[in-house]
Structures are given as C-alpha cells and as structure tokens.
Amino acid sequence: MTETNKKGKKLGLTTKTFIALIAGAIVGVIMHYCVPSGYIKDTILVNGVFYVVGNGFLRLMQMLVVPLVFCSLVCGSAAIGDTQTLGKVGVKTICFYFVTTALAVGVALAFANVINPGLGLNMEAVVAAENTAVSTDVSFVDTLLNIIPKNPIQGLAEGNMLQIILFALIIGIILAKLGEKTSTVLNFFTQFNDIMMEMTMMVMALAPYGVFCLIAKTFSGIGFDAFIPLLKYMLGVLGALAIQCFGVYMIMLVLFTRLSPVKFIKKFFPVMAFAFSTATSNATIPLSIDTLAEKMGVSRRISSFTIPLGATINMDGTAIMQGVAVVFAAQAFGIELGVAEYITVIATAALASIGTAGVPGVGLITLSMVFNSVGLPLEGITLIMGIDRILDMTRTAVNITGDAVCTTIVAHQNGELNREIFETE
Ligand code: ASP
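Residues numbered from 1 in each chain as written. Predicted model: local features only at pLDDT ≥ 70, side-chain atom pairs only at ≥ 80, totals over all residues. Heavy atoms only, no water.

Quick notes on the overall build of the protein chain
For the protein chain, the helix and strand inventory stands at 19 helices and zero strands. Its C-alpha atoms give the protein chain a radius of gyration of 22 Å, near enough to 22 Å, the size a compact globule of 425 residues would have. Judged by the C-alpha coordinates and their principal axes, the protein chain covers about 70 × 55 × 45 Å. The 425 residues of the protein chain split such that 52% are buried. For the protein chain, long-range pairs separated by at least 24 residues make up 83% of all intrachain contacts whose partners lie at least 6 apart in sequence. (Helix = DSSP H or I, 4+ residues; strand = E, 2+ residues; numbered from the N terminus. Rg over C-alpha atoms; globule rule 2.2 N^0.38 Å. Buried < 20%, exposed > 50% of the residue type's maximum accessible area, 1.4 Å probe, protein only. Contact = heavy atoms within 4.5 Å.)

Take a look at the structure:
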C-alpha cells in the first residue's frame, strides 16, 4: 500500500490531503493571530498564493462537473438500459435521501435540546452589523417544473444539475433503445467519459496543495474570536453532524451492506476533505464518483446518477444546521416550540434541503424558509451568519457523505457493488 512513509514509500493521496488540511488550518490560525497585516501577509500570501492556488484548484474541479456528470450519466443510463430498473434505482435513491434528511433534522432537534445552544445568550455581544435581507421565494411546483429544461444547452451552460440529469437520462435511455443504430454516439460519450475520468485523476493529484491553500486562507481570515459567543451553537451543529455522519450513516451502512464503516470513512476521507475545504457539494461530484468507483467498487452506472442527484437534493448536513438553528433562535428569543412546530421544522428543513444548491452558503438562505414556517424572527439568522463558514464547510462534508452512503447501499442492493475492490487496501 502507498499510504505509508516507511522505507521511503510515497504517501498516498488520502494521507497527503489529511496533512494538508491540518497544516493549512495551523498555518491559517498562526497567520491570523501572530502575523501582523501587511503587504507580505495580505497581498503576497493570503490574497496572492493561497487565493490563486486554492481557487485555481477549485475552478479546475468545477470545470469537470458538467461534462463529467453529463457523459457519465448518458453512459450509465444507456448501460442500465431499461427504464424499469432506472426507475427502481431512482425511487429507492430518492426514498433513502428523504429518510436520511428527516432523520438528520430529528437528530439535530434532539441534540440541540440537550445542548440548549440559545439559553443564556448575550445577544448584544453577537448581533453583527450586517443586516439580513434573506428572503426565499421557493415555489414547490415551479421547482418541479424547472427540472425540465426549456433549452438543454442553457441548462448545461448554467450547470443546472437537475436539468442536466433529466436530459442525460433521456439520451441514455434512447441510446439503449436504438442500440446498433446509435453506437457511434454511444462510443463518443464513452470515450469522452474516459477523458473526463482521466482529467479528474490529474486534477486530484493537486488536491493537497489546493486544500492547504483554501484552508489556510479561510482560517487566516476568521481565526477563533467570532466563535466564542456562539460556541454552544457551533458545538450543537458539529455534535449533531458527527452523530449523523459517524452514527446514523455508519449504522445504515452496516445494516444494509455489512461493509466496514472504518474502511469506508478511511477511503472516502479525501472526498470529505475536499468538500470541507471548498464548501461545495457540486464541485465534489467528480471526485466522489471516482473514489466510489476506484476505491469502494461502486459501479459508475449507479453513482453517475445518484451522486449528482444527491449533491443537488440531499443535504443532510444543511438540514442539521437548520434544525439546530431553529432551537437556538427559539431559545435566544424566548419562543416556545411544541410538537407540531417540531414536525413542521422536520418537513420544511427536508424540503429546504432539496431546494439548497450545492454551493457555499446557500443553506443559510433557505434557512429563512424554515424560520418562517414556525414564525421565528429572521434576525436569528443574523446572529449565526458571521460564523457560518466553518459550519458550511463541515456540513458540506456530511452532505456528500450521505450521498455516498446511500449510493453504496443502492449499488449493493442492485448487485452493482464490487466488494473485492472495497476490501483491498
Ligand atoms: N455548502 C453546502 C453544500 O454545498 C450547501 C449549504 O448548506 O450551504 O452542500
């Protein structure tokens, strides 16, 4: 195995990414507290090297998303062929996604009621100068209708994931139906898919550098000061995220597949680190599909469909933040929430999770929908805005882990999981 440094062997990508993550955080915190602002720190390092390398890497990953999702989904659905199997996989996946999200909000509400994040909060000290003009205008029917692209090319250009998924699925199904007649087109997509996979591997080799710079830049900007007054809220979110990620998901994994959770986390770690450092589920799609295929033995036929779908509609980490935020704001404003309100929160947070795009910070915007549903003042969102970045990073890592666990389970149930690959180190 390549994961060890003993006898001069090369470090694996997982180890390198992990080291980069920790080193980036340490360097960032040191820079925040110990290095005075100035040309070298601000211009050359933080907004120079860290910004360019970090965002360059992020843009490279984003560059892969649309072509990779489109091609692999066309190939995947063409390979599955019959619409019945596709439909079964789709319905099962969506059910898993919905159940895990509802569980996530439940975990969040229960945990937050133990921690009591909003009790005894000195609000004056925390209320930021910024004002929230957060508003959501999410109509459920329009969201559904919007899955059908009026112009698929525009959908692709705008990276509208649900539109891309639908259009690619239809092309794949038709390719399977027409068979020989369209084999040239299918070959084209298959070969283009190979090119995109190769490109993913090349870009991923840069992950440790990108992760280091993104994390160092974030931490050199935020330090820890802003967190102190909201420590309980943060602990509430982080605790509930940990329960969901290492408890709920791993229990599900063992129950449904009997795979080793430790191995799963170990193998999936670079994807989590990437999601953590970028706070975007969307940009994580190529890496997630690749890791599931190469290290866990999950067929791309399943993951090319379920991972982009999950990155778009399944945000368990976001739902957790929203659950804890509700309890936090209710306590901070002295508002009593009853059972009916809690049920409403579970339902709206699950819906908000579908409406949350897989890019940084959107969970905070859809939070207003959840607050509105139980009549909490939107000012509550202002309280937590200043510290949301670090929670956004963490919840994104959980969001994509949820997608990967559900994908592995669905793949297992459809005979699309190669356990031998999973078992190899
Ligand atoms: N950043 C999250 C994601 O990409 C979404 C959010 O909660 O803001 O999954």
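Quick look at empty space enclosed by the protein
Empty space among the atoms can be located by rolling a probe the size of a water molecule over them. Enumeration according to the criterion identifies three cavities of 30 Å³ or more in this entry. Taken as a whole, the largest cavity holds about 70 Å³ of empty space. As for the largest cavity, its lining consists of 14 residues, and the residues nearest its centre are Thr318, Val359, Asp392, Thr396 and Asn399. If you list the elements that add at least two residues to the lining of the largest cavity, you get α16 (362-373) and α18 (388-413). The element that contributes the greatest number of residues to the lining of the largest cavity is α18, accounting for four residues. (1 Å grid on protein atoms, 1.4 Å probe; cavity = no way out; pocket = protein on both sides within 12 Å on 5 of 7 lines; lining within 4 Å. Points joined across faces, edges and corners; volume = space filled by probe spheres on them.)

Quick notes on the packing of aromatic side chains
Aromatic ring pairs are described here by two measures, namely the spacing of the ring centres and the angle between the planes. The full count for this structure, using the stated rule, is ten aromatic pairs. Ring geometry for phenylalanine 70 versus phenylalanine 189: centroids 5.8 Å apart, planes at 70°, classification edge-to-face. With a gap of 119 residues between them, phenylalanine 70 in helix α2 (residues 39-80) and phenylalanine 189 in helix α8 (residues 183-204) connect regions that are remote in the sequence. You'll find phenylalanine 70 and phenylalanine 189 in the same group, each marked buried. (Phe/Tyr/Trp six-rings, centres within 6.5 Å; stacked < 30°, edge-to-face > 60°.)

Observations regarding a nonpolar patch on the surface
Side chains of Tyr39, Ile40, Ile44, Val49, Tyr51, Val52, Val53, Leu206 and Tyr209 sit close together on the surface and give an oily, nonpolar patch of about 880 Å² of accessible area. The leading source of residues in the nonpolar patch is α2, at seven residues. Looking at the secondary structure, you find valine 49 in helix α2. (Patch = residues over 30% accessible without salt bridge, like charges linked within 9 Å, V, L, I, M, F, W, Y side chains within 5 Å. Areas by Shrake-Rupley, 256 points an atom, 1.4 Å probe, with all protein chains shown as cover. Salt bridge = Lys/Arg side-chain N within 4 Å of Asp/Glu carboxyl O.)

Describing the nonpolar core
Grouped together as the largest cluster of nonpolar side chains are 121 residues, with contacts concentrated most on Tyr233, Phe264, Phe268 and Leu367. It is α2 that contributes the most residues to this core, 14 residues altogether. Residues contacting tyrosine 233, with those up to four places away along its chain left out, are Pro117, Met321, Val324, Ala325, Phe328, Ile384, Ile387 and Leu391. (Core = buried A, V, L, I, M, F, W, Y, C linked by side-chain atoms within 4.5 Å.)

Comments concerning the pattern of salt bridges
By the definition in use, this model includes six salt bridges. In this structure, the salt-bridge partner of glutamate 423 is lysine 263, at a minimum N-O distance of 3.3 Å. With a gap of 160 residues between them, glutamate 423 in helix α19 (residues 419-423) and lysine 263 in helix α11 (residues 261-278) connect regions that are remote in the sequence. Its relative accessible area of 18% is what places lysine 263 among the buried residues.

Examining the packing of α11 against α18
At a minimum axis separation of 8 Å, α11 and α18 run at an interaxial angle of 140°. Viewed along their axes, α11 and α18 adopt a mutual orientation that is oblique. As for how α11 packs across α18, the hand of that crossing is right-handed. Residues Phe264, Phe268, Val271, Met272, Ala275, Phe276, Ser277 and Thr278 of α11 pack against Arg389, Met393, Thr394, Thr396, Ala397, Ile400, Thr401, Ala404, Val405 and Thr408 of α18. For the contact of α11 with α18, the class distribution of residues is eleven nonpolar, six polar and one charged. (Axes fitted to C-alpha atoms, helices over the stretch in contact; angles between N-to-C directions. Parallel < 35°, antiparallel > 145°, perpendicular 65-115°, else oblique. Left-handed = near helix turned anticlockwise from the far one by under 90°. Nonpolar A, V, L, I, M, F, W, Y, C, P; charged D, E, K, R; others polar.)

Things to note about helix α7 (residues 161-178)
Look at α7: 26 Å from first C-alpha to last across 18 residues, which is about the 26 Å you get at 1.5 Å a residue. Along α7, the residues classified as buried are Met161, Leu162, Gln163, Ile164, Ile165, Ala168, Leu169, Gly172 and Leu175. Its buried side turned inward, α7 meets α2, α3 (83-115), α6 (152-158), α8, α12 (281-296) and α13 (300-313). Two residues or fewer past α7, glycine 179 is found with a positive phi of approximately 55°. (Expected span 1.5 Å × (residues − 1).)

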